[in-house]
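So the chains spell out like this:
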Amino acid sequence: MSLSQTVEEISTRVTAICDDLAGLEGPLLPILHEVQETWGFIPEGALQTIAKKLNLSRAEVHGVASFYHDFRHNAPGRHVIKICRAEACQAMGGDAIANQAQRKLGIGWSETTPDQSVTLEPVYCLGLCACAPAAMVDGKLVARLDNDRLDRMIKEVRS
Amino acid sequence: MSLKIFIPLDSASVALGADDVATAIAKAADMRGIDITLIRTGSRGLYWLEPMVEIATDNGRIAYGPVTPDDVDALFDAGFITGGEHPLSLGKTEEIPFLKKQTRLTFARCGIIDPLSPEDYRAHDGWAGLEKALKLDPADIVQQVTDSGLRGRGGAGFPTGIKWKTVADAPADQKYIVCNADEGDSGTFADRMIMEGEPFVLIEGMIIAGIATGATKGYVYTRSEYPDAIRIMTEAIDIARAHKVLGPDVLGSGKAFDIEVRMGAGAYVCGEETSLLNSLEGKRGVVRAKPPLPAHEGFLGKPTVVNNVISLCSVPVILDKGADFYRDFGMGRSRGTIPIQIAGNVKYGGLFETAFGLTLGEIVDDIAGGTATGKPVRAVQVGGPLGAYFPRDLFDTPFDYEAFAKRDGLIGHAGIVVFDDSVDMMKQARFAMEFCAIESCGKCTPCRIGSVRGTEVVDKIARGEDPERQIALLTDLCQTMKFGSLCALGGFTPYPVMSALTHFPNDFKPHALDIAAE
Ligand SMILES: Cc1cc2nc3c(=O)[nH]c(=O)nc-3n(C[C@H](O)[C@H](O)[C@H](O)COP(=O)(O)O)c2cc1C
Ligand code: SF4
Ligand code: FES
């Protein structure tokens, strides 16, 4: 999808997003979220349009987009698996789960499988610390993750 | 009359299968021709029993859990809709020891009411604090909060009333209430639970803060990892507006207050209040030097109250029941109740609201029931990724701001993470440094560079490269970070590192670290 988007198409859509949200106090984060919601990442071409609409320099917008872990600069895979790497999950074997996920998918953190099916991302706490280890698959939370569940999860998203 | 069945919509309960259980119960009831009303509530916070299903009976609510969809037919066969016995029976909900031992002031309605029903909220004393506040002089509201002894639940423990007074006294055409719902600490979920289970209490607390200080606009800055909390808070705000609780004329008082929800973008440091304000303004989440205090120059340069979710949610009960009522709970200078979040490797994980003063040992051994794995408890990290690791020797520490500080620790947002004896404390120290390196806002060198150096030094100890010298270096590095950092990210990372080193020195010997590849 994203690859076939022309520069004009991106600019038109981003302009509409900016027009929609520019009235907010401090509109830049809501705009970036909306852009990422649309394409799954922040297309390079969006920065200039946002900058113009908000009266900022392109470098300023880039500076903000690159500060936050959420904003991607490349298209993610068709599915995104986020695995919690924080302490409460570590206490319940989260590191082993994370290792297993990397091995099974053959990729490291923030990488996408060559078939573009899955992007694996680290996350630091999902608020499921009393039923750890935790993960989020395409926005859906999973608690008490174990190896079997992880294998099934990976099979599902790759099928 | 239709039977009332309660099932949580709390995101952790859903992650454990609550939606599937709700569907199975609705289907089974339909097949059997039984008229039921399913009510989705917040969670009671007894996560080892989730999904927990409750039935309204003449004798109060009866609970069953943890329920899976496969249990549903057997539950109906056992007559659970009238409180029938079944292996998953937990008896009367209120009598479950983990709940019965609590003092629920802030979380009084969580898990009981439909979070988005303003009628339910009112029927359970909702808006009572606000109605009392509207009859008071703003200065008297501030006085009540000050007298209650309430201190910020976000971590720093600053007296809430004093912060409010500073903003109330600051002259300005526009002031703001910013609710810090960034809850990034591992082991914490109180903010999430209350936003999902009882969102009106946060709205009520924010309105009271607005009226007390002269602020007319509020923001709830929530992390993007909490999509359900964001959705429920947003809906609750719309409902409150429709009921004229929010808007230009709060409950007919002639006073204005409105709230907007904003979403963070995966930066832990944005929980720090000035970084949060920059983020809210659409800037990089870099920490600001203080002064100026946010109370003088906060959001868009205007006087701003920044308060944690739980601080704000504790205000309505203080206004409703009085400052003395609240202050009478607790110990020393830690007044009122604190929702302790019990997490990690524990048998009974969940939220336990209680007066300050329980010892760490009582919490870990008695309430949490030890570890889930059944192995001995070795270390407990209190207060999130910037909090110290406590060994069993220090389990007599009472849950109190000053008592924890005296032991080189902090209670932070009151999350405790329990580890069994398989934990490698050198690995935990390395993680603390790594986390600081990942999340540093980059403004000061000790934090930005020191944390990276910290992980390298630990790796050298692991590889056996002159370990004695590296340990001295690590200690030095912690000193530099502690005293040379602008905010607590760089400044407190030494707590987990040094506590690991001090209390578990034998782990700091050369050995392979079992670490997930970068
Ligand atoms: C790195 C860092 C992260 C923080 N994260 C949070 C957070 O997620 N939530 C929070 O309420 N306070 C957090 N704080 C504390 C805030 O800076 C601030 O003290 C708090 O929001 C004030 O509200 P309170 O007085 O009600 O606690 C953090 C501080 C630091 C240094
Ligand atoms: S200590 Fe770290 S996070 Fe805090 S201001 Fe300095 S660089 Fe930023
Ligand atoms: S630490 Fe993993 S969900 Fe909180």
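Residues numbered from 1 in each chain as written. Chains lettered and ligands numbered in written order. Predicted model: local features only at pLDDT ≥ 70, side-chain atom pairs only at ≥ 80, totals over all residues. Heavy atoms only, no water.

A separate point is the interface of chain B and chain A. Chain B puts 68 residues into the contact, and the matching count from chain A is 41 residues. A buried area of about 4000 Å², summed over both sides, lies between chain B and chain A, and 56% of it is on carbon and sulfur atoms. The interface formed by chain B and chain A contains one salt bridge. Put simply, aspartate 95 of chain A and lysine 427 of chain B hold a salt bridge, and the shortest N to O gap is 2.7 Å. Linking chain B with chain A are 24 residue pairs in polar contact (both at pLDDT 80 or more). Of all the secondary structure elements, the ones that give two or more residues to the side of chain B that touches chain A are α1 (11-15), β7 (217-222), α11 (227-242), β8 (258-263), α12 (273-280), β12 (337-344), β16 (415-420) and α17 (425-439) of chain B. By residue number, the principal contributor to the side of chain B that touches chain A is α17 of chain B, which donates seven residues. (Contact = heavy atoms within 4.5 Å. Buried area = accessible area lost by both parts, 1.4 Å probe. Salt bridge = Lys/Arg side-chain N within 4 Å of Asp/Glu carboxyl O. Polar contact = N/O pair within 3.5 Å; in protein donor to acceptor, adjacent residues only side chain to side chain. Helix = DSSP H or I, 4+ residues; strand = E, 2+ residues; numbered from the N terminus.)

Let us look at the domain arrangement of chain A. Here chain A is described as being made up of domain 1 (7-67) and domain 2 (79-158). Look at where the C-alpha atoms of domain 1 of chain A and domain 2 of chain A centre, and you get two points 30 Å apart. (Domains from an automatic or database assignment.)

Okay, helix α4 (residues 58-67) of chain A next. For α4 of chain A, the set of buried residues is Val61, Gly63, Val64, Ala65 and Phe67 of chain A. On the buried face of α4 of chain A, the contacting elements are α2 (28-39) and α3 (44-54) of chain A. (Buried < 20%, exposed > 50% of the residue type's maximum accessible area, 1.4 Å probe, protein only.)

All names here are of chain B. In the contact formed by helix α9 (residues 190-197) and helix α10 (residues 199-213), the axes pass within 5 Å of each other and the chain directions differ by 100°. As far as their axial angle goes, α10 and α9 are roughly perpendicular. Contacts from Ile194, Met195, Glu196 and Gly197 of α9 reach α10 at Pro199, Val201 and Leu202. Considered class by class, the residues forming the contact of α9 with α10 number five nonpolar, one polar and one charged. (Axes fitted to C-alpha atoms, helices over the stretch in contact; angles between N-to-C directions. Parallel < 35°, antiparallel > 145°, perpendicular 65-115°, else oblique. Nonpolar A, V, L, I, M, F, W, Y, C, P; charged D, E, K, R; others polar.)

Attention now moves to the site of ligand 2. All names here are of chain B. In the vicinity of ligand 2, 13 residues are found, and the nearest of them are Cys441, Lys443, Cys444, Cys447 and Cys487. According to the grid-proximity analysis, the pocket containing ligand 2 is the second largest cavity. Among the residues forming the shell around ligand 2, the class breakdown is eight nonpolar, four polar and one charged. (Near = heavy atom within 4 Å. 1 Å grid on protein atoms, 1.4 Å probe; cavity = no way out; pocket = protein on both sides within 12 Å on 5 of 7 lines; lining within 4 Å. Sits in = over half its atoms within 2 Å of the grid points.)

Attention now moves to the sheet that holds strand β1 (residues 79-84) of chain A. The strands that make up a sheet pair up through hydrogen bonds in the backbone, lying either parallel or antiparallel. All names here are of chain A. Spatially, five strands are ordered β2-β3-β1-β4-β5 in an open sheet, and the strand pairing comes out mixed. Taken across any chain shown, the strands that pair with only one partner, and hence form the sheet edges, are β2 (111-112) and β5 (140-142). In the sheet, β2 pairs with strand β3 (residues 118-123) via two bridges, with the strands oriented antiparallel. Residue pairing for β3: glutamate 111 is matched across the bridge by leucine 120. Packed on one face of the sheet, helix α6 (residues 94-105) meets β1 and β3 and runs near 160° to β3. (Pairing = 2+ DSSP bridges.)

Right, let's get into the packing of helix α1 (residues 7-21) of chain A against α2 of chain A. Residues and elements named next belong to chain A. At a minimum axis distance of 10 Å, the contact between α1 and α2 shows a crossing angle of 140°. Overall, the two elements α1 and α2 adopt an arrangement that is oblique. α1 and α2 meet at a crossing whose hand is right-handed. Seen from α1, the contacting residues are Ile10, Arg13, Val14, Ile17, Cys18 and Leu21; seen from α2, they are Pro30, Ile31, Glu34, Val35, Thr38 and Trp39. In terms of residue class, the contact of α1 with α2 is built from nine nonpolar, one polar and two charged. (Left-handed = near helix turned anticlockwise from the far one by under 90°.)

Moving on: the pattern of salt bridges. All names here are of chain A. Counted by the stated rule, this structure contains 40 salt bridges over all chains. Close ionic contact of lysine 53 with aspartate 19 constitutes a salt bridge, the shortest N to O distance being 2.7 Å. Here lysine 53 is found in helix α3, whereas its partner aspartate 19 is found in helix α1, with 34 residues between them in sequence. With relative accessibility at 38%, the residue lysine 53 sits in the partly exposed group.

This part covers the packing of aromatic side chains. Following the criterion strictly, the structure yields 24 aromatic pairs over all chains and no others. Measuring from ring centre to ring centre gives 4.9 Å for tyrosine 176 of chain B and phenylalanine 299 of chain B, while their planes differ by 80°; the resulting arrangement is edge-to-face. Taken together, the residues tyrosine 176 of chain B in strand β6 (residues 176-181) and phenylalanine 299 of chain B in the loop between α12 and β9 (304-308) connect sequence positions 123 residues apart. Neither residue differs from the other here; tyrosine 176 of chain B and phenylalanine 299 of chain B are each classed as buried. On the basis of an interplanar angle of 75° and a centroid distance of 5.2 Å, the ring pair of phenylalanine 492 of chain B and tyrosine 495 of chain B is categorised as edge-to-face. Taking relative accessible area as the criterion, phenylalanine 492 of chain B reaches 34% and is therefore assigned partly exposed. Of the aromatic side chains, those joined through ring pairs into one cluster are Tyr124 of chain A together with Tyr268, Phe431 and Phe435 of chain B. Across the ring face of phenylalanine 6 of chain B, the terminal group of arginine 61 of chain B is positioned such that the distance to the ring centre comes to 3.5 Å. Between arginine 223 of chain B and the ring centre of tyrosine 226 of chain B, over which it is positioned, the NZ or CZ distance is 4.9 Å. (Phe/Tyr/Trp six-rings, centres within 6.5 Å; stacked < 30°, edge-to-face > 60°. Lys NZ or Arg CZ within 6 Å of the ring centre and 35° of its normal.)

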